[in-house]
Amino acid sequence: MWSRRAGWALTAIALVAGCSSGPDTTGGALQLRKVAQVALPGGSARFDYASLDSGRGLLFLAHMGAGEIVEVDVRAHRVVRTIADTPDVHGVLVVPEKRRVYATVTGRDQLVALDEDSGSVLFTAPTGRYPDGLAYDPVRDAVWTTNERAGSESVVDADTGKSRGTVTLGGQVGNVVYDPGPDHMIVAVQGRGDLAVVDPGALSVTDRIPTPGCSGPHGQALDTARRLMFVGCEDNATLVTVDLAKHAVTDRNSVGRTPDVLAYDPGAQRIYIAAESGWVSAFDARTGHPAPIGAEHLADGAHIVVVDPADHHSYFSIPTAASGPVLWEFEPSS
């Protein structure tokens, strides 16, 4: 998520829309109300992915610039622990049913598995070059790591870390998502401008879905009920909606420059797109065709968003707040 934009400058917070070049939207403000914030350790260095155990209220943040994982109790509004010795950590994924947390330690080209209760390391496993995003295959109990620069997926046993194999995608890759309907993995291949459909049993690419109008498909979020994949196109500031059953792009919307992380709230049927430019965009997807709700420049460095499906609260890690890094919590205001 970071390699193509190395050296991104983090400057002062800007909380109002219009302070930088933003998306073209017919919506207004984000319709979010800040309800809490938690001071974070590690200094004003870049954060990367985050993952929430909604049932326990535990949020795991990859503090990439500090080389550590920060665990936050979002209900008690406090930091539980900091897990160090994870250099250049990018991806983080909690699997609640296993009480495990998986992280891509990019500085070592490595996957690390942690005990969710204690934070202790359970195993490490080698990956391809520059591991980034993660996904969990519950059918085969496997963890998939996106090796961005290697253009591949490493697949390991979620219990032991033993390698299950590697899938080569033929171009620099973005994120990977498990699609439970047909039991497939979907990989955004930004180097080819398509979505690769992978059979997780055979570890082979079975189909390619082109994404016309999307330059650099990277972030993804899946509406599993309708099998719609929302894809952030990092090179042309666009959100595209891909109907996986029809193998077609059905919608295109403008978002903030260099969209990075997407989050889909299935209950509210809202999509949030956080961009490297600090802009956050929200869309109503109740019709299956995203309609702009609003967009704002939330803060520089606000390129990570996580949504709790239980209460619809959203969380943003902000590295550059005046008092140091913070986690902001919002609730919908309408």
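The shown structure was predicted, so the numbers you read here are calculated from the model rather than taken from an experiment. (Residues numbered from 1 in each chain as written. Predicted model: local features only at pLDDT ≥ 70, side-chain atom pairs only at ≥ 80, totals over all residues. Heavy atoms only, no water.)

Strand order in the open sheet formed by four strands is β14-β15-β16-β17, and the pairing between neighbours is antiparallel. Each of the sheet's edge strands pairs with one partner strand only, and the pair in question is β14 (176–179) and β17 (204–210). Put simply, the sheet's adjacent strands are angled 25° from each other on average, direction ignored. Here β14 runs beside strand β15 (residues 184–189); their pairing, made up of four bridges, is antiparallel. Paired with Val-176 across the bridge in β15 is Val-187. (Pairing = 2+ DSSP bridges. Helix = DSSP H or I, 4+ residues; strand = E, 2+ residues; numbered from the N terminus. Axes fitted to C-alpha atoms, helices over the stretch in contact; angles between N-to-C directions.)

Attention shifts here to the sheet that holds strand β9 (residues 121–126). The four strands lie next to each other as β6-β7-β8-β9, forming an open sheet whose pairing is antiparallel. Bordering the open sheet on either side are β6 (89–95) and β9, each of which pairs with just one other strand. Adjacent strand axes in the sheet meet at a mean angle of 20°, parallel and antiparallel pairs treated alike. Bridge count between strand β7 (residues 100–105) and strand β8 (residues 110–115): six bridges; the pairing is antiparallel. Within the sheet, the bridge partner assigned to Ala-103 lies in β8 and is Val-112.

It is worth spelling out the state of the cysteines at this point. By the definition in use, this model includes one disulfide. Each disulfide pairs two cysteine sulfurs, and for Cys-214 the partner residue is Cys-233, the sulfurs being separated by 2.0 Å. The S-S bond linking Cys-214 to Cys-233 shows a torsion near -110°; that makes this disulfide left-handed. With a gap of 19 residues between them, Cys-214 in the loop between β17 and β18 (217–223) and Cys-233 in strand β19 (residues 228–233) connect regions that are remote in the sequence. Of the two residues examined, Cys-214 and Cys-233, each falls in the buried class. (Disulfide = S-S within 2.5 Å. Buried < 20%, exposed > 50% of the residue type's maximum accessible area, 1.4 Å probe, protein only.)

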